[in-house]
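Geometric and topological summary
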Amino acid sequence: MAQQPSEGEGGFVTDLECSLSGERSPPDRLASLSRLGKPLLVRYDLERVRRALTPSLLEKRPPSLWRYRELLPVRRSENIVSLGETMTPLLSLPRLAEVLRASGGILVKDEGRLPTGSFKARGLALAVSMAKELGVSSMAMPSNGNAGAALAAYASRAGIRSFVFCPEDTPEVNIREIAMQGAEVFLVDGLIDECGKFVAEGEKALGWFNASTLREPYRIEGKKTMGLELAEQLGWKLPDVIFYPTGGGTGLIGMWKAFAELEALGWIGERKPRMVAVQAAGCAPMVKAFEAGEEHAPRWENASTFAAGIRVPQAIGDFLILRAVRESRGFAIAVDDEAIAAAWREVAEEEGLLLCPEGAATYAAYKKARAEGRVTAEESIVLYNCASGLKYAMPPAGRRIEAGKPIDWHQFSDRGRVPLVP
Ligand SMILES: *Cc1c(COP(=O)(O)O)cnc(C)c1O
């Protein structure tokens, strides 16, 4: 049963560190928040990692996130729970870059190729592997869909029971895939933070392990591999600007942590990308706090957007998101649902790449930022597409034609393409 996806070794963790006070505590335990109620960050002996691992050693390893084993918290390889966490491609958008005169180039990191069809697999592969290592028997979380699906899949793979609480208007496909992959799924007539309250209550009553965003320190270590992988794929030269669709912010915080670790290892220089937090206009707490110069982002009331993955009214890691954005000299930007929908269609039609709406939001944000002069044509850009577009309800399509009746073939000649009826 045990899988050995890479030749590396774990065991380089030294401490868990409070992200607010810096207070250190022992690793290798079932951790939740720090004494101050803030997220804990995993710290490594990077000096030892530097001696154990080099970029050329990495090149020989299988193409999965487990190639960064020395920078991940799992101690023993037999505890790795894997569904095939492949390295995801970096795809250019040549046609759109030309139209937008984006001479620095636009790349999409297509995370929809991961198990369960979203980058939540990275975080949950780590969280569940650690839960297995630490002897957990049941786990729970609130989810807008993709995180719950990844928890369900990895927990079932590990023989751990799982419980997922979703807002009742979560896309149907997500709710059903969570159930199909073995979790108990509950529908709540509220938003994700209200789902989180049930998870916390059940934690007290039933003793399940709470795997909510940033309430345990290991999901972020999985999400961190997005930054490690990006750096490696670009030959240890990072892009000028990263656009990241921001909900709870694990990915943005994780990538910023990855870049700091790579700099400490001496694999990249001081120059790091500007981090741009992209949100939907109907739920933009980070944008509001960024513009107000605040360190924390109060709850966004009446949050609404069809990009479900970024409908997060309040984030426990708000100060870490804002810190990363400011330290990197980036910014936070909101785009409305209309712009997201138009971007979704544009990238699919012009480049043949069906993003998820949250990924499309990053393209809409890039265009808006260019129009506002906040990024230049020469800057190299990476957009994060977080999930497969196939997981989302698409607009109805298909022209009816009747069998055996004559057809006016010229009706199909618009745009020089023949529309295919599914
Ligand atoms: C979870 C999710 C996000 C937000 O990611 P965070 O790192 O939690 O901010 C964006 N898009 C999709 C599709 C997601 O599932």
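Residues numbered from 1 in each chain as written. Predicted model: local features only at pLDDT ≥ 70, side-chain atom pairs only at ≥ 80, totals over all residues. Heavy atoms only, no water.

**Structural notes on the pattern of salt bridges**
Convention followed: The salt bridge criterion pairs a side-chain nitrogen of Lys or Arg with a carboxyl oxygen of Asp or Glu, the two atoms within 4 Å. Numbered from the N terminus, helices here are DSSP runs of H or I no shorter than four residues, and strands are runs of E no shorter than two. For each residue, the accessible area found with a 1.4 Å probe, counting protein chains only, is set against the maximum for its type, and the residue is called buried under 20%, exposed over 50%, and partly exposed in between.
By the definition in use, this model includes 31 salt bridges. The closest approach of N and O atoms between Glu221 and Lys224, which form a salt bridge, is 2.7 Å. Of this pair, Glu221 and Lys224 are both found in helix 8 (residues 219–233), three residues apart, which corresponds to roughly one turn of the helix. No difference in accessibility class separates Glu221 from Lys224, as the two residues are buried. One salt bridge connects Glu261 with Lys257, and the closest N-O pair in it is separated by 2.7 Å. Highlighted residues: Glu261 and Lys257, both in helix 9 (residues 250–265), separated by four residues, approximately one helical turn. No difference in accessibility class separates Glu261 from Lys257, as the two residues are buried.

**Topic: the side chain of Ser328**
We apply this condition: Note on contacts: a residue pair qualifies if any of its non-hydrogen atoms lie within 4.5 Å across the two residues.
As for its placement among the helices and strands, Ser328 is situated in the loop between helix 11 (318–327) and strand 12 (331–335). Given the relative accessible area of 3%, Ser328 is considered buried. For Ser328, the residues in contact, after removing those within four places along its chain, are Trp256, Pro273, Arg274 and Met275.

**Focus on the nonpolar core**
Across soluble globular proteins, nonpolar side chains show a tendency to be buried alongside one another. Inclusion rule: In plain words, nonpolar cores are sets of buried Ala, Val, Leu, Ile, Met, Phe, Trp, Tyr and Cys residues tied together by side-chain atoms within 4.5 Å. Residue ranges assigned to the domains are those given by an automatic or database domain assignment.
Residues Leu93, Met139, Phe243 and Leu383 are the most contacted members of the largest nonpolar core, which totals 124 residues. No fewer than three residues from each of domain 1 (8–82 + 118–210) and domain 2 (90–113 + 224–391) sit in this core. Every residue in contact with Met139, bar those within four places of it in the chain, is listed here: Ala127, Val128, Ala131, Leu151, Ile160, Arg161, Ser162, Phe163, Trp208, Phe209 and Ala211. Formed by seven residues, the second largest nonpolar core is a distinct cluster that contains Ala140, Phe165, Cys195 and Trp208.

**A look at the pairing of strand 11 (residues 274–280)**
As a reminder, the rule being used: When DSSP finds two or more bridges between a pair of strands, those strands are recorded as paired. A crossover gets the label right-handed when its path from the first strand over the helix to the second runs clockwise, viewed with the strands pointing away from the viewer.
For strand 11, the tally of buried residues reaches seven of seven residues, placing the bulk of the element in the interior. Neither face of strand 11 is open: one carries Arg274, Val276, Val278 and Ala280, the other Met275, Ala277 and Gln279, and all of them are buried. Across five bridges, the pairing between strand 10 (residues 241–245) and strand 11 is parallel. Opposite Ile242, over in strand 11, you have Met275 as the bridge partner. For the crossover that starts at strand 10, traverses helix 9 and ends in the parallel strand 11, the hand is right-handed. Looking at chain direction, strand 11 and strand 12 are connected through five bridges and run parallel. Each bridged residue has a counterpart across the sheet, and for Val276 the counterpart in strand 12 is Phe331.

**A word on the environment of Gly282**
You can see Gly282 is positioned in the loop between strand 11 and helix 10 (285–292). Separated by 218 residues in the primary sequence, Gly282 and Ser64 have C-alpha atoms spaced 36 Å apart.

**Some details on the sheet that holds strand 3 (residues 40–44)**
Taking strand neighbours across the sheet as the criterion, the three strands line up as 2-1-3 in an open arrangement whose pairing is antiparallel. Looking at strand neighbours, the two that pair on one side only are strand 2 (24–25) and strand 3, the edges of this open sheet.

**Topic: the packing of helix 10 against helix 11**
Any two packed helices are characterised by how steeply their axes cross, that is the angle between the axes, and by the distance between the axes. Threshold: Angles run from 0 to 180 degrees between N-to-C directions of axes, and those axes are lines fitted to C-alpha atoms, restricted for helices to the stretch in contact. The cut-offs work like this: below 35 degrees is roughly parallel, past 145 is roughly antiparallel, 65 to 115 is roughly perpendicular, and the gaps in between are oblique. Each crossing gets its hand from how the near helix is turned against the far one by less than a right angle, where anticlockwise is left-handed and clockwise is right-handed. Each residue receives one of three labels: charged for Asp, Glu, Lys and Arg, nonpolar for Ala, Val, Leu, Ile, Met, Phe, Trp, Tyr, Cys and Pro, and polar for the others, Gly being one of them.
Put simply, helix 10 and helix 11 touch, their axes get as near as 11 Å, and they point 55 degrees apart. By the angle between their directions, the pair helix 10 and helix 11 is classed as oblique. The two elements helix 10 and helix 11 meet at a crossing, and its hand is right-handed. Between helix 10 and helix 11, the contacting residues are Met286, Ala289 and Phe290 on the first element and Asp318, Ile321, Leu322, Val325 and Arg326 on the second. Here the residues of the contact of helix 10 with helix 11 are counted per class, giving six nonpolar, no polar and two charged.

**A short note on the site of the ligand**
Rules: We define proximity as follows: a residue is near a molecule or strand when any one of its heavy atoms falls within 4 Å of that partner. Polar contact criterion, stated in full: a pair of N or O atoms within 3.5 Å, where within protein one must be able to donate a hydrogen and the other to accept it, and residues adjacent in sequence count only if both atoms are side-chain atoms. Areas reported here follow the Shrake-Rupley algorithm with a probe of radius 1.4 Å; residue values treat only the protein chains shown as occluding.
Lining the immediate surroundings of the ligand are 18 residues, of which Lys120, Lys223, Tyr244, Gly247 and Gly249 lie closest. In the environment of the ligand, an oxygen atom lies 2.5 Å from a nitrogen or oxygen atom belonging to the side chain of Tyr244. Gly249 places a polar main-chain atom, nitrogen or oxygen, 2.7 Å from an oxygen atom of the ligand. Protein coverage of the free-state accessible area of the ligand, which is 380 Å², stands at 96%. Among the elements of the structure, strand 10 and helix 9 are those that each provide at least two residues to the shell around the ligand. Among the residues making up the shell around the ligand, the classes are represented as seven nonpolar, eight polar and three charged. Counting contributing residues, the shell around the ligand receives three or more from each of domain 1 (8–82 + 118–210) and domain 2 (90–113 + 224–391).

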